[in-house]
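Now for the letters of each chain:
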Amino acid sequence: MEQLFQTLYGIPLLGLVFQLGGYLVDRLPSIAPIVLGLAAPIALGALCGVMNERSGVVNIGIEGIMLIAAFVAFVAGAFAADAFPAEGSDVFGVTPALLIGVAAAVISAMLVSLLHAWLSISIRADQIISGTIINIAALGLTGYLNRLIISANPRAGAGTFKSFNPPDALVDLPIIGWVLNMFLDQGPIAMIVIVLVIVLQIMLFRSRWGLRTRAVGEHPKAADTVGIDVIALRYRNVIIGGAFAGLAGAYLTLEATSSFQNGMTSGRGFIALAAVIFGRWTPIGSFGAALMFTAAEALGVAIRFRPPDGDLAALGDVMTAIPNQVYGALPYIITIIILAGVVGRSIPPAAVGQPYYKESRA
Amino acid sequence: MSGGPSGPDQEPATDPKPAMDPSADAGPVIEAEAPQAASPQAAVPPPLPRDPVARFWSVAAVPIAAVVLALLVGSLIILASSFFAVGGFEPLLPVEAYSSLLRGSFGSVNGLVNTVVAATPLVLAGLAVGIGFKAGLFNIGAQGQFLMGALAAAGTGAALAQQPPPIAIGGALLAAAIGGGLWGFIPGALKAWTGAHEVVTTIMLNYIAAAVIGYLITGPLAAPGFSFARTGPVGNAALPIILGRNGHLGILIALLAVPLAYWLLWRSTLGFELRTVGANPNAARYAGMRPGLLTIFTLSLCGLLAGLAGGGQILGTSGFMNASYGTATGFDAIAVALLGRAHPVGILAASLLFGAMRAGSGLMQIEARIPVEIIDVIQAVILLFLAADVIVRRILRLRAARSGVDEIQTVTRSYGEQAAR
Amino acid sequence: MTEPQAIQPSAPSAVPSPDRTLAAPVENAPALEMRGITKRYPGVIANDHIDLEVRPGEIHALLGENGAGKSTLMNILYGLAVPDEGEILLDGVPVTISGPSDAIERGISMVHQHFMLVPVLSVAENILLGEETMANAIFLDRSEARRRIRELGARFGFEIDPDAPVGSLSVGWQQRVEILKALYRKARILVLDEPTAVLTPQETEEIFAVLRRLADEGHSVIFISHKLYEVLAVADRITVIRRGRVVGSRTPAETNEEDLAELMVGREVQLTVDRGESHPGEPAFTVEDLHVQDDRGHEAVRGVTLEVRAGEIFGIAGVAGNGQDELVEAITGLRKPKQGRVTLGGRDVTGSGPRKLGAAGLAYVPGDRHRFGLVLSFPLQDNLVLTSYHKSPFARGLVRDDQACEDWANRSIAEYDIRTPSCDVPAGTLSGGNQQKAVVAREFSRDLKALVLDQPTRGLDVGSIEFIHRQALAKRDAGTAILLVSAELDEILELSDRIAVMYRGELVAVVDGRTANREEIGLLMATGRREESKSPIGAEV
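Residues numbered from 1 in each chain as written. Chains lettered and ligands numbered in written order. Predicted model: local features only at pLDDT ≥ 70, side-chain atom pairs only at ≥ 80, totals over all residues. Heavy atoms only, no water.

*Asks:* Kindly report on the overall build of chain A, identifying the contributing residues and their values.
*Replies:* For chain A, the count of helices and strands is 15 helices and 0 strands. Compactness check: chain A gives a C-alpha radius of gyration of 22 Å against a globular reference of 21 Å for 362 residues, within 12% of the reference. The C-alpha extent of chain A, read off along each of the three principal axes, is 80 × 50 × 35 Å. Relative to its 362 residues, chain A shows a buried fraction of 57%. (Helix = DSSP H or I, 4+ residues; strand = E, 2+ residues; numbered from the N terminus. Rg over C-alpha atoms; globule rule 2.2 N^0.38 Å. Buried < 20%, exposed > 50% of the residue type's maximum accessible area, 1.4 Å probe, protein only.)

The structure is reproduced here in structure tokens:
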């Protein structure tokens, strides 16, 4: 057996592939929880994108919605922490302030989404412009208020949710142990992501709401002729989608870190958009894409710290020779390749971006 | 099956001039079964009045109103902020803020020059977005094109730093144009050859540009002897100062670009083709034009302009580039193009407005303690009023005025067809 | 738009309360009765006091040419249009139909000519949509839905896989899905709008079997068509509509194709332009064995051969959708032909693009002026040079000459009587007739060898039609080879020196334009055959 591997490693290109596999098996368990944590806000943003685009609305404002929610979560949490000081509970370190922060984030994100819905569905403004407005406004508004409220009078936030520590017995299980650890060594929002992804996946393909959403995103007129209220359905989906982006924002300031920085979403909303496309507009698919994107990024970092060595030295040389930025840009490069149809085409819902005009009666 | 419903389905203007042509379309028309024949084209704007003043007003009313309304909204925000900014309710704070904004931007020669300098990249990048709009393309990638232009200028400028200025400057600007142009060519070619929609590809290319910059500036282009990663000084490639304290040659380039863009769009056959593709790609094909090539050309040109904007910033103001070099110019450019109705002169005016706000915001922050970010908020509100122009028109009773963004009505509609070709 | 008052009872004797909850069905009443339905659009009466009665268990055909008013009538029945006069009775009870959902609820279902199906969804999902069978408050009961769909399918004689994506089905099966959709909603009255337009003869035969089964089970079927043999083959009764009026009602037993063709097409010829003598010369424009595919990859043009001589108008008549669009697009460079040869003035121009064809002397007045012919948001003067903007005197190299364009525009406006306030108003603000005159002005003014006119007067007023016809004749007399494609038989008869009839992608006959007989051409258009015959449906010529 040992010899077989030795031989395989020796073959130039194929060997590298096998070495990579070995390296991943070795290293993944330790970086997996980090990867999921990094992927959580992206996956939530992608769920927002799926909700929007499946019903026929383009939303490139996910980035902005997330940013506003992150800011609101932090500020609301900070003020609530002043008002209701409390010790964190045993599970997840939950405090009233944290919960208030999350609720405020979700509500603010839904309000911003309502604006997007109104502009793109009722006003029938260009949906890309509407998203652009949200992005610009978010950057400006949060920057403005950050300087006005936080920088002028620095305050601690509401702290963060704590990760759940899975019992060692579970983590040490062979093979599935590290997977369990990946999902369990997380704070509440990251854990909810997995639940949301599965629920949405089932809902989208098994429920009445899901059927109608898919129909409206593909062929709103057909849906209209069988009595479905296209406008109302789109509103509902855009606003609920906003709630997911709101959770993503709350994750950034109440779970991943305990502070707010200007522009801290740093493109996650756009990676989410990429994940939606890569995941072919399905919740599970875009979650997988988010994981893949962040895994690439984490791997890039991991390689900096501990490149493959020993038997794997050849691989280590190759991997360290690849600039770090390549791993970071991978999501964007892959998305372009997918869009161009070089490797399998990803086809968006047919009616995405088109405002719906109800059949007029003369 | 491609696409869903196609727009408002109106026969545009069934009888706009009943007095002039009363008999038109009367009589036993055979094809009466479909009174709402599907029109693949965007709604037709009302005809422009002949009188120049009325003409100007019909085009500019909505943008001007949007700016005024946004400034009003801004003053409400400032008012509400007074508790944090000055620790109590201060009804005159908006006046104070806006007056220091004005003084900062127009109150002195330096202020004026600062305004012009701040407007310079906006003009070029604004044209990069606006020309795209005219061709039916939404170039969100001005940001990436700007950065690639800046990078190329910084790299080439550093390499040519010891050459005589004409060579150094010419080389660096040429590099900026090529760098930006290449970053525009990619989404253009992707759209023409594979049908990938430019909105998504340009967003992705913005981030890829940032990664390229991060790599090159921390690696191959890094100059030795600095405590942080940056390119070497551009030396002789620095643009000469031609106006006041910091008014660099880039101003002239931007000013030249405006009439050139105007000429291209409205006086050249190429511009005619480009606008035809934007307004009705089917008619363009019918007329023997080649929409695919025109798309590639347009986005490359847009990239070139944005790249020049980036190059101008590096060579004219900063003199080098660091790994985290980032401005929001590419995104401001979208606001500029929309506010300027994708018209070169409008873009110039909108750039001066935004440039003035940027230039004056520093003084406003010092004097009135209103953070500079209020400018972004006001910009967003301007766009909001442009997009939701029904509100503006209702407030001002501007029924004859053109809508806020009618140049680009067809842009997003194609988003879902990105794979369909 | 006032929703509830959709229909005003035309006679005071009508039942005072049209509320369906109050009135009981009348014994032995027809399933559907439409009385005195009138619908006016600006400048035209689409429906002029139409009466229609459909009994339970009956297949009732509504026969008429394109634009006769059939679709308007059905839109009224489906609640998509509000009649100006007249009333609708279901089972003898007057009703007001407020919209499609209301119509569905009352048991009326429509199978649109353009299917209202979502291609990426499965058969079951398409059928369920809007009328979902639920397992609980949230989730669909997919197994029950599948069972019911299979059962319904079996009852009407076909086996369908409920899980197949609709987009993967053939058009014939998609149609069955539409019918199942209606049956799933317990439709009693089923309207099929041109159901066979996109079907092969075999598929048509199969759908007819389904329709007969439906009628046997007591459903009423309204079958809209302009194909005589189909109507004769499947209908129990036939109502013929021409120009918004009912012109006759027949049973298949008491009529035949000639009788129906005459009723449908009519005899009158309203417009006559003195066409003068034509002096055809050498063949200037030829098409040999041309095969063209449509967007879905089906062969829409199947081996068309024709030649147009200089100084003659060659007309192609045919019911819309028989491959004319694809033929025209292929010979004007907008679509690549699959096979065949096109020559212009003796030169092979097969596969050339519009620019090359234009330079070789071909001009084209497109059928859809909004899609191809005009840029509506551009000033009229730009539209008048849309196909020659790049040539002298309108441009020198890259530079456009606005003054030349404007002068040219003003000359065209005068010469072609385009009514417009000035040459710089957007083309979209002109009336349809003047828009078309602008297209004609532009194309007719080019340096021409051959001219393709596709539906050149579609949707225009009498004055514009006459004007355009005169211009076409003048071009003919100047020695241009003109190919005229039109679904308006009158237009073809009036202008053409020779007439070919296009039927299912082929030219089935060429006749002399001066001696052409209206009934004969009408029959050829409708059946692809010259003689009455007893051959089965879909028989090829």
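*Asks:* Provide a residue-level description of the packing of aromatic side chains, including the pertinent values.
*Replies:* Counting across every chain of the model gives 17 aromatic pairs over all chains. Ring centres of Y286(B) and Y364(C) lie 5.7 Å apart, and the angle between their planes is 65°; this geometry places the pair in the edge-to-face category. Taken together, the residues Y286(B) in helix α9 (residues 281-286) and Y364(C) in strand β16 (residues 362-365) connect one chain to another. The class for Y364(C) is buried, based on a relative accessible area of 6%. (Phe/Tyr/Trp six-rings, centres within 6.5 Å; stacked < 30°, edge-to-face > 60°.)

*Asks:* Quick one: what's the story with empty space enclosed by the protein, residue by residue and with numbers?
*Replies:* Residues and elements named next belong to chain C. Taken as a whole and judged by the stated rule, the model has 6 cavities of 30 Å³ or more. Contributions of two or more residues to the lining of the largest cavity are made by β6 (108-111) and α5 (171-184). For the lining of the largest cavity, the element with the most residues is α5, which contributes 3 residues. (1 Å grid on protein atoms, 1.4 Å probe; cavity = no way out; pocket = protein on both sides within 12 Å on 5 of 7 lines; lining within 4 Å. Points joined across faces, edges and corners; volume = space filled by probe spheres on them.)

*Asks:* Summarise the pattern of salt bridges; cite the residues concerned and give the values.
*Replies:* Residue and element names in this part refer to chain C. Taken as a whole and judged by the stated rule, the model has 42 salt bridges over all chains. Across the salt bridge formed by R35 and E33, the nearest N and O atoms sit 3.1 Å from each other. Overall, R35 belongs to the partly exposed group, its relative accessible area being 34%. Overlapping salt bridges bring together E53, R55, E58 and R237 as one network. (Salt bridge = Lys/Arg side-chain N within 4 Å of Asp/Glu carboxyl O.)

*Asks:* Got a sec to walk through the pairing of strand β3 (residues 59-63) of chain C? Specific residues and values, please.
*Replies:* Residue and element names in this part refer to chain C. Here β3 lies mainly inside the structure; 5 of its 5 residues are buried. Both faces of β3 are covered, namely the face carrying I59, A61 and L63 and the face carrying H60 and L62. Direction of pairing for β3 relative to strand β8 (residues 220-225): parallel, over a ladder of 5 bridges. Bridging across to β8, H60 finds its partner in I222. The sheet contact formed by β3 and strand β9 (residues 237-242) spans 4 bridges and is parallel. Each bridged residue has a counterpart across the sheet, and for L62 the counterpart in β9 is T239. (Pairing = 2+ DSSP bridges.)

*Asks:* Please provide a residue-by-residue account of the nonpolar core, values included.
*Replies:* L315(B), M321(B), I370(B) and I382(B) are the most contacted members of the largest nonpolar core, which totals 200 residues. The greatest single-element share of this core, amounting to 15 residues, is contributed by helix α2 (residues 12-54) of chain A. Listed in part, the 127 residues of the second largest apolar core include V123(C), A164(C), V375(C) and I418(C). (Core = buried A, V, L, I, M, F, W, Y, C linked by side-chain atoms within 4.5 Å.)

*Asks:* Any chance you could break down the domain arrangement of chain C for me, citing the residues and the numbers?
*Replies:* All names here are of chain C. Taken domain by domain, chain C holds domain 1 (56-65 + 98-235 + 246-265) and domain 2 (283-373 + 447-527). Of note, the centres of domain 1 and domain 2, computed from C-alpha atoms alone, are 34 Å apart. Listed by partner, the interface residues are 10 residues for domain 1 and 10 residues for domain 2. With both chains or domains summed, domain 1 and domain 2 bury close to 960 Å², and 58% of this area falls on carbon and sulfur atoms. (Domains from an automatic or database assignment. Contact = heavy atoms within 4.5 Å. Buried area = accessible area lost by both parts, 1.4 Å probe.)

*Asks:* Describe in detail the interface of chain A and chain C, supporting the description with residues and values.
*Replies:* Across the contact, 23 residues belong to chain A and 36 residues belong to chain C. Each partner contributes to the roughly 2400 Å² buried at the junction of chain A and chain C, and carbon and sulfur atoms together form 62% of this total. Across the chain A-chain C interface, the total number found is 2 salt bridges. In this structure, R214(A) and E125(C) form a salt bridge, with 2.7 Å as the shortest nitrogen-oxygen distance. Inspection of the region where chain A meets chain C yields 5 residue pairs in polar contact (both at pLDDT 80 or more). Residue assignment for the side of chain A that touches chain C shows that the elements contributing at least two residues are α8 (188-206), α9 (208-218) and α10 (220-225) of chain A. (Polar contact = N/O pair within 3.5 Å; in protein donor to acceptor, adjacent residues only side chain to side chain.)

*Asks:* Give me helix α15 (residues 324-339) of chain A: which residues, what numbers.
*Replies:* Residues and elements named next belong to chain A. With 16 residues, α15 ought to run about 22 Å at 1.5 Å a step, and its terminal C-alpha atoms sit 24 Å apart, in line with that. The largest bend in α15 amounts to roughly 50° and is located at L330, with the proline P331 lying one to four residues further along. Along α15, the residues classified as buried are Y327, A329, P331, Y332, I334, T335, I336, I338 and L339. Just beyond α15, the residue with positive phi is G341, at close to 75°. (Expected span 1.5 Å × (residues − 1). Bend = angle between axes of the 7 residues up to and from the residue.)

*Asks:* How would you summarise the side chain of E494(C) if you had to cite specific residues and measurements?
*Replies:* All names here are of chain C. Tracing the backbone shows E494 in helix α16 (residues 489-495). Residue class for E494 comes out buried when judged on its relative accessible area of 7%. Within the structure, the side chain of E494 is placed 3.1 Å from the side chain of H469, a separation counted as a polar contact.

*Asks:* Help me get a handle on the state of the cysteines, residues and values and all.
*Replies:* Residues and elements named next belong to chain C. Within the structure shown, the criterion is met by 0 disulfides over all chains. The thiol sulfur of C405 is not disulfide-bonded, and the nearest other cysteine sulfur, from C423, lies at 9.5 Å. Here C405 falls in the buried class, since its relative accessible area comes to 0%. (Disulfide = S-S within 2.5 Å.)

*Asks:* Provide a residue-level description of the pairing of strand β7 (residues 189-193) of chain C, including the pertinent values.
*Replies:* Consecutive side chains along a regular strand alternate between the two faces of the sheet. All names here are of chain C. Taking burial as the measure, the 5 residues of β7 include 5 buried ones, the bulk of the element. Residues of β7 alternate between two faces, with I189, V191 and D193 on one and L190 and L192 on the opposite face, all of them buried. Bridging between β6 and β7 involves 4 bridges; their strand directions are parallel. From the neighbouring strand, M110 faces β7, where its bridge partner is V191. Relative to β8, β7 runs parallel, the two sharing 5 bridges. When the sheet's bridge partners are listed, L192 is paired in β8 with F223.

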